[in-house]
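The residues making up each chain are set out below.
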Amino acid sequence: MDKAPFKYDIVGSFLRPERLKKAREDYFNHTITKEELTVIENEEIKKLIDKQKSLGLKAVTDGEFRRRWWHLDFIQALNGISVYDKVTTGFQGKEMKVQGSYISSPISFNEKHPFLEHFRLTQEIAGDTLVKQTIPGPNMIYLDSLILSPQYKENPVYSDIADFRKDLIETYQKAISAFYEAGCRYLQLDDTSWGALFSSAFREKIEACGYQPDQLINEFGDITEAALSVKPKDMVITFHICKGNFQSSWLYEGFYDIIAKRLFSIDAFDGFFLEYDDERSGDFSPLKYIHNQKVVLGLITTKTADLEDKEAIKQRIIEASQYVPLEQLCLSPQCGFASTQEGNHITQQQQWAKLEHVVAIANEVFK
């Protein structure tokens, strides 16, 4: 088998089936037990994995079916992180009820993190098929739980930010090692925090909090590299960045240029999943900083149902090959289909049509 990421691949999340949504609501309302919810989750994940296999995917995910959020479920299960409800204006100016996080005590990895058992269950369901495990990247915590957190500003846990960075690195080193010990050989760090560093609106917010975005580009890179220093040779770790994905809307605007040189210099990553589904992503010129890593072009959008023109997508892949050799390029959707339990504004049928489109195009281009 080829090494991941594959010529046609997926980011990770899928639309939740209605049966699963109802079960989660029933559990929240205390009408079913945790054990009953887990049974339903397992059954729906098996159906999902069977469908992924039928499409020919070489690596499958659990669709993030056990999560409410793509990031907070993982983050809040670490030691030292608190999560709270809030109302915010963010994604394209929409007011929404969400959750936030802040560092409430020194952070560390939870050796009994529930995602480890989730992975084991998914691998058991998947059998011999490779399972990709997705988790948020470390700088989601740095940005959201510290820099932009009003709660943290009121009650700072760390007197020296260097101590925080040290704890953050060790937390992720232990997480990577724990997933490896659990049997994971394909791990993906999803990290939208880098998008804030090229978004003019969020650069202003970061500066208002007393931090310099350009300096953070280097710090984010250093933290990520240090976290990956424990990566075993037979473990694939990829990086996914998009500009936010919440019910078919986005958060950040801007191009990769400002972060590309530092981000793409992280050679421990085996591949980068990059959002390239509309004009907000800019051109492919930042790919000139790619070394030997694979680049998974997110040219197929998960935000809308319309299928992209096949020939236009092929042409964009050829354009990208001016900066990265074609053998290093792959194709995927630009993000998952349901970064939160609500999901994007498309149907199950449209979701699978999108993936069939990815597979068909990749098979024609990467012969």
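Remember, predicted model here, so these are calculated numbers, not experimental data.

Reading the values: the criteria
Within any chain, residue numbers begin from 1 and follow the written order of that chain's sequence. Residues qualify for local features only when their pLDDT is at least 70, as the model is predicted, and side-chain atom pairs are given and counted only at 80 or more; totals for whole chains, interfaces and linings, by contrast, use all residues. Values reported for side chains reflect all heavy atoms of the structure, with hydrogen atoms and water molecules removed beforehand. Where helices and strands are cited, they refer to DSSP runs of H or I of at least four residues and of E of at least two residues respectively, numbered from the N terminus. The globule rule is 2.2 Å times the number of residues to the power 0.38, and the radius of gyration it is compared with is taken over C-alpha atoms. Residue exposure (1.4 Å probe, protein chains only): buried if accessible area is under 20% of the type maximum, exposed if over 50%, otherwise partly exposed. Whether two residues touch is decided by their heavy atoms; if any such pair falls within 4.5 Å, the residues are in contact. All accessible-area figures derive from a Shrake-Rupley calculation using a 1.4 Å probe, and residue coverage is judged against the displayed protein chains alone. Charge counting treats Lys and Arg as positive and Asp and Glu as negative, with His and both chain ends excluded. We put the charge of a Lys on NZ, of an Arg on CZ, of an Asp on CG and of a Glu on CD. Residues enter a nonpolar core if they are buried and are Ala, Val, Leu, Ile, Met, Phe, Trp, Tyr or Cys, with the set joined through side-chain atoms within 4.5 Å. Pairing of N or O atoms within 3.5 Å defines a polar contact, subject to two protein rules: one partner must be a possible hydrogen donor and the other a possible acceptor, and residues neighboring in sequence count only if both atoms are side-chain atoms. Each Phe, Tyr or Trp ring, with Trp reduced to its six-membered ring, pairs with another whose centre is within 6.5 Å; inter-plane angles below 30 degrees give stacked pairs, above 60 give edge-to-face pairs, and intermediate values give tilted ones. Placement of a positive charge over a ring is assigned whenever Lys NZ or Arg CZ falls within 6 Å of the ring centre and within 35 degrees of the normal to the ring plane. In this analysis a 1.4 Å probe is tested at points of a 1 Å grid over the protein atoms alone, and where it fits but cannot get out there is a cavity; an open set with protein on both sides within 12 Å along at least five of seven lines is a pocket; lining residues have an atom within 4 Å of a point. Grid points are joined across faces, edges and corners, and a volume is the space filled by probe spheres set on the points. Just so you know the grouping, Ala, Val, Leu, Ile, Met, Phe, Trp, Tyr, Cys and Pro go in nonpolar, Asp, Glu, Lys and Arg go in charged, and all remaining residues, Gly too, go in polar. Each helix should span, by expectation, one fewer than its residue count multiplied by 1.5 Å. Each salt bridge in this description consists of a side-chain nitrogen of Lys or Arg and a carboxyl oxygen of Asp or Glu lying within 4 Å of one another. The pairing criterion for strands is at least two bridges between them, as found by DSSP. Comment: axis = line fitted to C-alpha atoms, over the contacting stretch for helices; angle = value between 0 and 180 degrees taken between N-to-C directions.

**Concerning the overall build of the protein**
Then, number 1: The number of helices and strands found in the protein is 13 helices and 10 strands.
Then, number 2: Compactness check: the protein gives a C-alpha radius of gyration of 19 Å against a globular reference of 21 Å for 367 residues, within 12% of the reference.
Then, number 3: Its C-alpha atoms give the protein principal-axis dimensions of roughly 55 × 50 × 45 Å.
Then, number 4: Within the protein, the fraction of its 367 residues that count as buried is 58%.
Then, number 5: Long-range pairs, those at least 24 residues apart, make up 77% of the contacts in the protein between residues at least 6 apart in sequence.
Then, number 6: A total accessible area of about 15,400 Å² is found for the protein, and carbon and sulfur atoms account for 49% of it.
Then, number 7: Charged side chains of the protein number 43 positive and 54 negative; the gap between the two group centres comes to 2 Å.

**Concerning the nonpolar core**
Then, number 1: In this structure, Phe179, Leu287, Leu297 and Ile317 are the most contacted members of the largest nonpolar core, which totals 97 residues.
Then, number 2: Per-element tally for this core: the top contributor is helix α7 (residues 161–181), with 9 residues.
Then, number 3: Filtering out sequence-adjacent residues up to four positions away, Ile317 remains in contact with Leu297, Leu299, Leu326, Leu329, Leu331, Ile361, Val365 and Phe366.
Then, number 4: Of all hydrophobic cores here, the second largest spans 9 residues; its members include Ala4, Ala59, Tyr186 and Cys330.

**With respect to the environment of Gln334**
Then, number 1: Along the chain, the position of Gln334 falls in the loop between β10 (329–333) and α13 (348–365).
Then, number 2: Only 2.8 Å separates the side chain of Gln334 from the backbone nitrogen of Thr302, close enough to count as a polar contact.

**Digging into the packing of aromatic side chains**
Then, number 1: Counted under the stated rule, the structure contains 18 aromatic pairs.
Then, number 2: Centre to centre, the rings of Phe6 and Tyr186 are 6.4 Å apart; their planes meet at 80 degrees, and the pair counts as edge-to-face. Taken together, the positions of Phe6 in the segment before α1 (18–28) and Tyr186 in strand β6 (residues 186–190) put the pair 180 residues apart, joining distant regions of the chain. You'll find Phe6 and Tyr186 in the same group, each marked buried.
Then, number 3: Site record: aromatic cluster; members linked through ring pairs are Tyr142, Tyr158, Phe164, Trp194, Phe220, Phe239, Phe264, Phe269 and Phe272.
Then, number 4: When the ring centre of Phe366 is taken as reference, the NZ or CZ atom of Lys7 above it lies at 4.7 Å.
Then, number 5: The aromatic ring of Phe202 is capped on one face by Lys205, whose charged end is 4.3 Å from the ring centroid.

**Describing the layout of surface pockets**
Then, number 1: Quantified by volume, the second largest pocket comes out at close to 700 Å³.
Then, number 2: As for the second largest pocket, its lining consists of 22 residues, and the residues nearest its centre are Arg24, Tyr27, Phe28, Arg68 and Gln341.
Then, number 3: Here the lining of the second largest pocket is composed, by residue class, of 6 nonpolar, 5 polar and 11 charged.

**Some details on α7**
For an α-helix the count is 3.6 residues per turn, leaving residues at separations of three or four pointing the same way.
Then, number 1: Counted at 1.5 Å a residue, the expected span for α7 with its 21 residues is 30 Å, and the 30 Å between its end C-alpha atoms agrees.
Then, number 2: Along α7, the residues that are buried comprise Phe164, Asp167, Leu168, Ile169, Thr171, Tyr172, Gln173, Ala175, Ile176, Ala178, Phe179 and Tyr180.
Then, number 3: Between the side-chain oxygen at the start of α7 and the backbone nitrogen of Ala162 there is a gap of 2.9 Å, and the oxygen is on Asp160.
Then, number 4: After α7 finishes, the residue Gly183 shows a positive phi value of roughly 110 degrees.

**As for the pattern of salt bridges**
Then, number 1: Across all of its chains, the model carries 25 salt bridges by this definition.
Then, number 2: In this structure, the salt-bridge partner of Asp270 is Lys3, at a minimum N-O distance of 3.0 Å. With Asp270 in the loop between α11 (257–263) and β8 (271–275) and Lys3 in the segment before α1, this pair connects stretches of sequence that are 267 residues apart.
Then, number 3: Take Asp270: its relative accessible area is 14%, and that puts it in the buried class.

**Looking at the sheet that holds strand β5 (residues 133–136)**
Then, number 1: One open sheet holds the 6 strands; their spatial order is β5-β6-β7-β8-β9-β10, and the pairing between them is parallel. Here the strands that pair on one side only, and so sit at the sheet edges, are β5 and β10. Geometrically, the sheet is characterised by an average inter-axis angle of 25 degrees between neighbouring strands, direction not taken into account.
Then, number 2: The pairing of strand β9 (residues 294–300) with β10 spans 5 bridges and is parallel. Looking at β10, one finds that Val296 is bridged to Cys330.

Any functional reading would require information that these geometric values do not contain.
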